[in-house]
Number of protein chains: 2
Amino acid sequence: MTDMVFRTSFDHPALPVKAVERFMDMKDRGELGFVFLPGDEALLEASVEEARRAGAAGRNMLVCGIGGSSLGLRALLSALGTPSGCRVKVMESPDTRLVRAVMDSWDPRETTLAVITKSGGTVETLSLFMEFYPWIGDDSRVVAVTDPEKGDLRRLSGDRGWRTLPVPPAVGGRYSVLSPVGIFPAAFAGIDVRGILSGAGKVLEDFLESGTGSLAARVAAAALHCFHSHPVHVFMPYTDLLYDTALWFAQLWAESLGKAGPVRTGQTPLACRGPADQHSLVQLFMEGPMDKFVTVIGETPPPPGRVRPGPFAGYPSMAYLEGRSLDELRAAEEEATATALVERGLPVCRLGIPPVSPDTMGMLLMLYQIATVLTGLALGINPLDQPGVERGKVLIYKAMGREGF
Amino acid sequence: MTDMVFRTSFDHPALPVKAVERFMDMKDRGELGFVFLPGDEALLEASVEEARRAGAAGRNMLVCGIGGSSLGLRALLSALGTPSGCRVKVMESPDTRLVRAVMDSWDPRETTLAVITKSGGTVETLSLFMEFYPWIGDDSRVVAVTDPEKGDLRRLSGDRGWRTLPVPPAVGGRYSVLSPVGIFPAAFAGIDVRGILSGAGKVLEDFLESGTGSLAARVAAAALHCFHSHPVHVFMPYTDLLYDTALWFAQLWAESLGKAGPVRTGQTPLACRGPADQHSLVQLFMEGPMDKFVTVIGETPPPPGRVRPGPFAGYPSMAYLEGRSLDELRAAEEEATATALVERGLPVCRLGIPPVSPDTMGMLLMLYQIATVLTGLALGINPLDQPGVERGKVLIYKAMGREGF
């Protein structure tokens, strides 16, 4: 049972069994590391223990990481906050102003510096780390999250005696949120990380038990049906708490499924915020080209709200809102937007989720990881690589004078 | 002189003179209110004075506003911060949890409540305002920014004796950032709002003097050339400081140009963050469908950086970065990404801007407002309306029991 409800505005065939079979083959060959994370008690324990140590050392954590090493964590922090009262800041793009802003306001003696890069060689992450390392000035306050054996960061960690956590080799960057990459800083933030992994486990179990009838396979089947006909995938959760989850999804969907095979393939993910984007992008969705495939995500039921008192009786724009809650309004907006888009002829998927919680986040994150891989396999695409970014890397290395490139 | 440099990777014709002529006609008829804002000294002074009063009353400002009444302000705050040391928080989507988070941590006696809606009837804005109003509990701490005569909010303001600022009737929501909508809270934040309007005035002057040869017309001409052939507009500033500016642009571009005329027309804006999105979306841009029109924005020259010391000599992934600055790296990444995308055959525009400042922000905001209107006029589209969102509004009113809808 996943406590999630998925429905579509359109009919479509079930996911081809072959996609599920290929998934299982890859899993059995150990290639899909992310499916083993919900059950990896030792890895979870290592993150929790390291977070406890960091928490005892100070109330701040500075995370240097980018892409797969930042987006999942940002999704967790936005949705679930920092219940421990600690501060966690994620540094992604190299920008001296952003670094100075931290150095001017944080106390390094209260700060753990976490450097997260699976390969151990990510240029943005390492350059930011190199700025912060002398400022921290204490090897006992550094934690490296990286490949267990390979890479310069692993070697440097050994040489300097830093604490480390592993990213399992079969866990790709954009599939790593449930590994120490996301779980270690989330645990430091005081988030119930066991709850996250438990939620993820439920969706995984549903998939392993029900195959093409599972929630993940149904999500993939709907997307597959519209993948070529609707080149833009609007991903619109109806709470700001999940906007960073939409950005996490955007990487997952774009990088996994945007590939030059025999033909160029891909569907552009468009991370949206409901209701805010009703006042920004919905005009285009309603009247612009019919190229949008829409996923609307809403909490069911909406969290309990309150009744507003006030002197608004004589004002028609306000009077009807008295006695209603913000969340009731938000749910009505979700329904209205989905209905209006369906009326216009766009294919709309609705995902009803329980109110945002660690369990819900685990379910969501696992759901879209499995669904993305399934969609890729059904399309005949390798959903795990990203060959298209190599050219840019070579040009950066060249400009920065890195030898051997 | 605008201090901005624009170039494209592709040849294209100049903007049709007719588009500029239509712009001038509309301006002369008073329909394009935003072009009069840089010269409206009285309106500026009113915002500055109201901000000074609010600042004397307390150090917090809570802004209820959405869409055109929030995105421009968010762009200014992200780019320019809060030099006054005050706190400004923008509340957009109705969500009880977000409201509680403010009420649990802010002191209402230190807070000004700004409610911003041009029509005076925006449901999200008013519902949030209705939550916060009893909490503030002091009519002297409320400032309403709305139409000078029409709407329930204007009437209520009169009845309750609230302070008010006008949104000039000819200034549409998504073209209102340089009116009190953006300028009043920005002034409260301590931002040099005169600098913003001065920058905006430079771009406007350039357009009025140079017509089709102006920066704004050249930006529009490039976009027009690719508008139908490349249905996705990737808008990628190379500093996180401008990500919210990209979201502001997304509304402007989507809502102005996504229209059902004789044919459905529109180009989907995709707000990106360079360098972060190299690790998220660039794989898709490189290998996916050739449907992207790309605008890359970078600061020229990059702000001065620092040299990093550290024990990194023996580690190839790090050694080459010693002696270089984060901003040098960021500029190299911008160049590399643009080059790689051009090599792949995508049309790329490069906009070089001075380092982010009030002057730069004013230039950017005015540039894209003019360019968007020009693009719409050249396409034969009304860039000022948004008829497609009406259906959703009717459904919301119906669900919430508003009579007469």
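Residues numbered from 1 in each chain as written. Chains lettered and ligands numbered in written order. Predicted model: local features only at pLDDT ≥ 70, side-chain atom pairs only at ≥ 80, totals over all residues. Heavy atoms only, no water.

Engineer: Sorry, what's going on with the overall build of chain A here?
Structural biologist: Looking only at helices and strands, chain A features 15 helices and 12 strands. Over its C-alpha atoms chain A spans a radius of gyration of 22 Å, differing by no more than 12% from the 22 Å that the globule rule assigns to 405 residues. Expressed as lengths along the three principal axes of its C-alpha atoms, the size of chain A is roughly 65 × 60 × 45 Å. Taking all 405 residues of chain A together, 63% fall into the buried category. Within chain A, contacts between residues at least 6 apart in sequence are counted, and of these 79% link residues at least 24 apart. (Helix = DSSP H or I, 4+ residues; strand = E, 2+ residues; numbered from the N terminus. Rg over C-alpha atoms; globule rule 2.2 N^0.38 Å. Buried < 20%, exposed > 50% of the residue type's maximum accessible area, 1.4 Å probe, protein only. Contact = heavy atoms within 4.5 Å.)

Engineer: What should I look at first to understand the environment of Ala254 of chain B in this one?
Structural biologist: Relative to the assigned elements, Ala254 of chain B resides in helix α10 (residues 243–257). Along the sequence, Ala254 of chain B and Leu98 of chain B sit 156 residues apart, while their C-alpha atoms lie 27 Å from each other. Apart from the residues lying within four places of it in its own chain, the contact partners of Ala254 of chain B are Ser280, Leu281, Gln283 and Leu284 of chain A together with Pro269 of chain B.

Engineer: In this structure, what is going on with the environment of Leu73 of chain A? I would like to understand it.
Structural biologist: Residues and elements named next belong to chain A. Counting through the fold element by element, Leu73 comes out in helix α3 (residues 71–80). Measuring from C-alpha to C-alpha, the distance between Leu73 and Val88 comes to 9.9 Å, with 15 residues separating the pair along the chain. Beyond its immediate chain neighbours, meaning those up to four positions away, Leu73 contacts Val63, Val90, Val177, Gly182, Pro185 and Ala186.

Engineer: Looking at this structure, I do not really get the packing of helix α8 (residues 193–210) of chain A against helix α14 (residues 358–379) of chain A. What am I missing?
Structural biologist: For any two helices packed against each other, the geometry comes down to the angle between their axes and how far apart the axes lie. All names here are of chain A. Two elements in contact, α8 and α14, have axes separated by 6 Å at closest approach and are oriented at 40°. The orientation of α8 with respect to α14, classified from their angle, is oblique. Classified by chirality, the crossing of α14 by α8 is right-handed. Residues Gly195, Ile196, Ser198, Gly199, Ala200, Lys202, Val203, Leu204 and Phe207 of α8 touch α14, and the partners they reach there are Pro358, Asp359, Gly362, Met363, Met366, Leu367, Ile370 and Leu374. (Axes fitted to C-alpha atoms, helices over the stretch in contact; angles between N-to-C directions. Parallel < 35°, antiparallel > 145°, perpendicular 65-115°, else oblique. Left-handed = near helix turned anticlockwise from the far one by under 90°.)

Engineer: Would you mind going over the relation of the copies chain A and chain B with me for this structure?
Structural biologist: Look at the two chain copies: a rotation about an axis and a shift along it is all it takes to match them. When chain A is brought onto chain B, the operation consists of a screw motion whose angular component is 180° and whose axial shift is 0.0 Å, with 0.0 Å RMSD remaining. Seen this way, the second copy is the image of the first under a two-fold rotation axis. Of the C-alpha atoms belonging to chain A, the one lying closest to the rotation axis is found on Leu270 of chain A, 3.4 Å away. Of the interface residues in chain A, 100% have counterparts in chain B that sit at the interface too, so the contact is made through matching surfaces. (Least-squares fit on C-alpha atoms with pLDDT ≥ 70 in both.)

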